[in-house]
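A closer look at the structure
Next come the chains, spelled out residue by residue.
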Amino acid sequence: SPRFKNVAAKLKEVLPEELFNLIKEIGKFADERKVNAYIIGGFVRDLIIGRKNFDVDIVIEGDATVFAKELAKRFGAKVHTYERFKTATVVFKGGKRIDFASARTEVYRAPGALPEVDMAPLKKDLMRRDFTINTLAIKINEKEFGKLIDFFGGLKDIKDKKIRVLHSLSFVEDPTRILRALRFATRYRFELGKHTERLLKIAVQRKLFKTVEGQRIYHELKQIFLEDNPLRVMNKLEKYRIISSLFPSISWDRFKKDLFERIRKVIIWHKLNFPEKETKYHILYFGALFLREPLNRVEKYIKELAVPQKEAELLFQILKNSLPLIKKVRLAGKNSEVYELLQNLPEEFLLFLAALPQDEETRNRVLNYLKSWRFIKPLVNGEDLKSMGLKPGPVFKKILSKLKYAIIDGELPNDREEQLTRAKELVDAEKR
Ligand code: ATP
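Conventions adopted
- Residues numbered from 1 in each chain as written.
- Predicted model: local features only at pLDDT ≥ 70, side-chain atom pairs only at ≥ 80, totals over all residues.
- Heavy atoms only, no water.
- Near = heavy atom within 4 Å.
- Polar contact = N/O pair within 3.5 Å; in protein donor to acceptor, adjacent residues only side chain to side chain.
- Areas by Shrake-Rupley, 256 points an atom, 1.4 Å probe, with all protein chains shown as cover.
- Helix = DSSP H or I, 4+ residues; strand = E, 2+ residues; numbered from the N terminus.
- Axes fitted to C-alpha atoms, helices over the stretch in contact; angles between N-to-C directions.
- Parallel < 35°, antiparallel > 145°, perpendicular 65-115°, else oblique.
- Contact = heavy atoms within 4.5 Å.
- Nonpolar A, V, L, I, M, F, W, Y, C, P; charged D, E, K, R; others polar.
- Left-handed = near helix turned anticlockwise from the far one by under 90°.
- Core = buried A, V, L, I, M, F, W, Y, C linked by side-chain atoms within 4.5 Å.
- Buried < 20%, exposed > 50% of the residue type's maximum accessible area, 1.4 Å probe, protein only.
- Expected span 1.5 Å × (residues − 1).
- Domains from an automatic or database assignment.
- Buried area = accessible area lost by both parts, 1.4 Å probe.
- Salt bridge = Lys/Arg side-chain N within 4 Å of Asp/Glu carboxyl O.
- Pairing = 2+ DSSP bridges.
- Arc of directions from axis to C-beta.

Some thoughts on the site of the ligand
Around the ligand sit 16 residues in total, of which Arg45, Asp174, Arg177, Arg183 and Arg187 are the nearest. A distance of 2.7 Å is found between a nitrogen atom of the ligand and a side-chain nitrogen or oxygen belonging to Asp174. With the chains in place, 72% of the 590 Å² that the ligand exposes on its own is no longer accessible. Secondary structure elements with two or more residues in the shell around the ligand: helix H3 (42–49) and helix H8 (176–188).

Here it is, written out as structure tokens:
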């Protein structure tokens, strides 16, 4: 039987006030519609562990799509529903998104199996989940707001710092859980439960990954690469011989480990300096994983994993061109030559270059391009050139580029008067 505890005060303490109030309102709305509503999954896990997480997933004992549509109407929010899965996303006025799912009431049963004991829809829903730490739920209906529901001992496992599956066939049912187990274990510094570890080893031995769609493996690897420290997860995967099971030709060697660490540092730097940029950081780690593999083999892996087209192209570009390009950067003369080599490359490519092992000077060239050179604009513009009597045309771009390169090379100061003088010289030279 489940154990109960109330976490209403904790919710109030850690959530932004607006979100807390919103959740209370959703609970009251559930009362009106006479359905039970619960926050479930990662949010609850992280609330107990004390990790910041404002991704709220709500399960409705009933039809979540109907519920979400009515809720959106009441709150003047937008709603997207997915009838096939009976799920919905509501986007509230401030931009806050909340996902809704329907607790499944239908039962999958083998023909002739004994009738199932009547079980709450919520419990049935939670039973399909990966690990006990992900099975906690918080009721949000007004009368029982904040009641923590723990059917499978998730609370104790969080206290004991253990990752445990719910049943012995869990990894057989879905081998991607092997990757998820080690990702969560690393993130929270938890251990696998003894039985869970045994089951995981058996699942790897039986090569169960072969039975999984490649794109699901890709999705979980991507999740790993979006963690704070993918290197540590990879070392765990290596410990259980999972990397070679997924990619037989790849050895998890010193070079790759170092590169993973360098990429991690570059990403931290980049997030700090360009927080607004949407960067596919996981591609850098896929690049590191496959670097120095023959391209036809990489092609095979990419196909097996069903990597989305755009990401596959980016990855290929990195694998094919980064080593030759970094060599050119090293051999270039002036800064502006480096600029020409690097301009218009995707952000991920540039970051990969910055992470490659190389001498200090070459690395600084890439970093200077990322930090400053690419943003340099002359203080002289087309209007100025026009007023010097130059006819608009491709020559404009040529002169403005020359000015830019002179600034990048440190030959022209960031001073409008001086730049105008130089522009005038260039215009006169063109006129002649
Ligand atoms: P985070 O987003 O912090 O990595 P999360 O727990 O929210 O963690 P998701 O991958 O978004 O992770 O999954 C949401 C929930 O769905 C999880 O809490 C988990 O219980 C369930 N889940 C996801 N993948 C599986 C799976 N392969 N098998 C069973 N349950 C799963």
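Right, picking up where we left off after that structure.
Digging into the packing of helix H16 (residues 309–331) against helix H19 (residues 360–371)
Across the interface, H16 lies against H19 with an axial gap of 9 Å and an inter-helix angle of 100 degrees. In terms of orientation, H16 lies roughly perpendicular with respect to H19. Across the interface between the two elements, Ile326, Val329 and Arg330 from H16 touch Thr362, Arg365 and Val366 from H19. Considering only residue class, the contact of H16 with H19 consists of 3 nonpolar, 1 polar and 2 charged.

Quick look at the packing of helix H18 (residues 347–355) against H19
The geometry of H18 relative to H19 is characterised by a closest axis approach of 9 Å and an angle of 150 degrees between their N-to-C directions. The angle between the axes of H18 and H19 places the two elements in the roughly antiparallel class. Both H18 and H19 take part in a crossing whose hand is left-handed. Contact with H18, carried on its side by Glu347, Leu350, Leu351, Leu353 and Ala354, involves Arg363, Val366, Leu367, Tyr369 and Leu370 of H19 and no other residues of that element.

Notes on the nonpolar core
One finds Ile26, Ile58, Phe100, Ile242 and Phe290 to be the most contacted residues of the largest nonpolar core, which totals 123 residues. The contact partners of Ile26, leaving out residues within four places of it in the chain, are Ile58, Phe67, Leu71, Phe92, Ile98, Phe100 and Ile140. If you look at the next biggest cluster of nonpolar residues, it comprises 15 residues, including Leu385, Leu390, Ile407 and Leu426.

A short note on helix H10 (residues 214–225)
Helix length check: H10 (12 residues) gives 16 Å between terminal C-alpha atoms against 16 Å at 1.5 Å per residue, within 8%. Restricting attention to buried positions, one finds in H10 the residues Gly214, Ile217, Tyr218, Glu220, Leu221, Ile224 and Phe225.

Quick notes on the environment of Phe171
Take Phe171: it is sitting in helix H7 (residues 170–173). Since its relative accessible area comes to 1%, Phe171 is described here as buried. Taking the C-alpha atoms as reference, Phe171 lies 18 Å from Thr186; in sequence the two are 15 residues apart. In contact with Phe171, other than residues within four places in its own chain, are Phe131, Val165, Arg177, Ile178, Ala181, Thr196, Leu199, Leu200, Ala203 and Leu208.

Points about the domain arrangement of the protein
Buried accessible area, meaning the area lost when the parts come together, often serves as the stated size of an interface. Examined at the domain level, the protein breaks down into domain 1 (3–160), domain 2 (161–246), domain 3 (248–374) and domain 4 (376–431). With centres defined by C-alpha atoms, the gap from domain 1 to domain 2 works out at 26 Å. With 19 residues of domain 1 in contact, the opposing surface of domain 2 contributes 15 residues. Carbon and sulfur atoms make up 59% of the area that domain 1 and domain 2 hide from each other, which totals about 1,400 Å². Here domain 1 and domain 2 share 2 salt bridges between them. Across the salt bridge formed by Arg164 and Asp157, the nearest N and O atoms sit 2.9 Å from each other.

Some details on the pairing of strand S6 (residues 97–102)
Of the two faces of S6, the one lined by Ile98, Phe100 and Ser102 is fully buried and the one lined by Arg97, Asp99 and Ala101 carries no buried residue. With 4 bridges connecting them, strand S3 (residues 57–60) and S6 associate as parallel partners. Within the sheet, the bridge partner assigned to Asp57 lies in S6 and is Asp99. Pairing between strand S5 (residues 87–91) and S6: 5 bridges, direction antiparallel. Paired with Val90 across the bridge in S6 is Ile98.

Quick word on helix H17 (residues 335–342)
Those residues of H17 that fall on the buried side of the exposure criterion are Ser336, Val338, Tyr339 and Leu342. End-on, the buried residues of H17 take up no more than an arc of 155 degrees, which puts them together on one face. In the core, the buried residues of H17 are packed alongside H16, H18, H19 and helix H21 (394–408). Asn344 occupies a position one or two residues after H17 and carries a positive phi of about 70 degrees.

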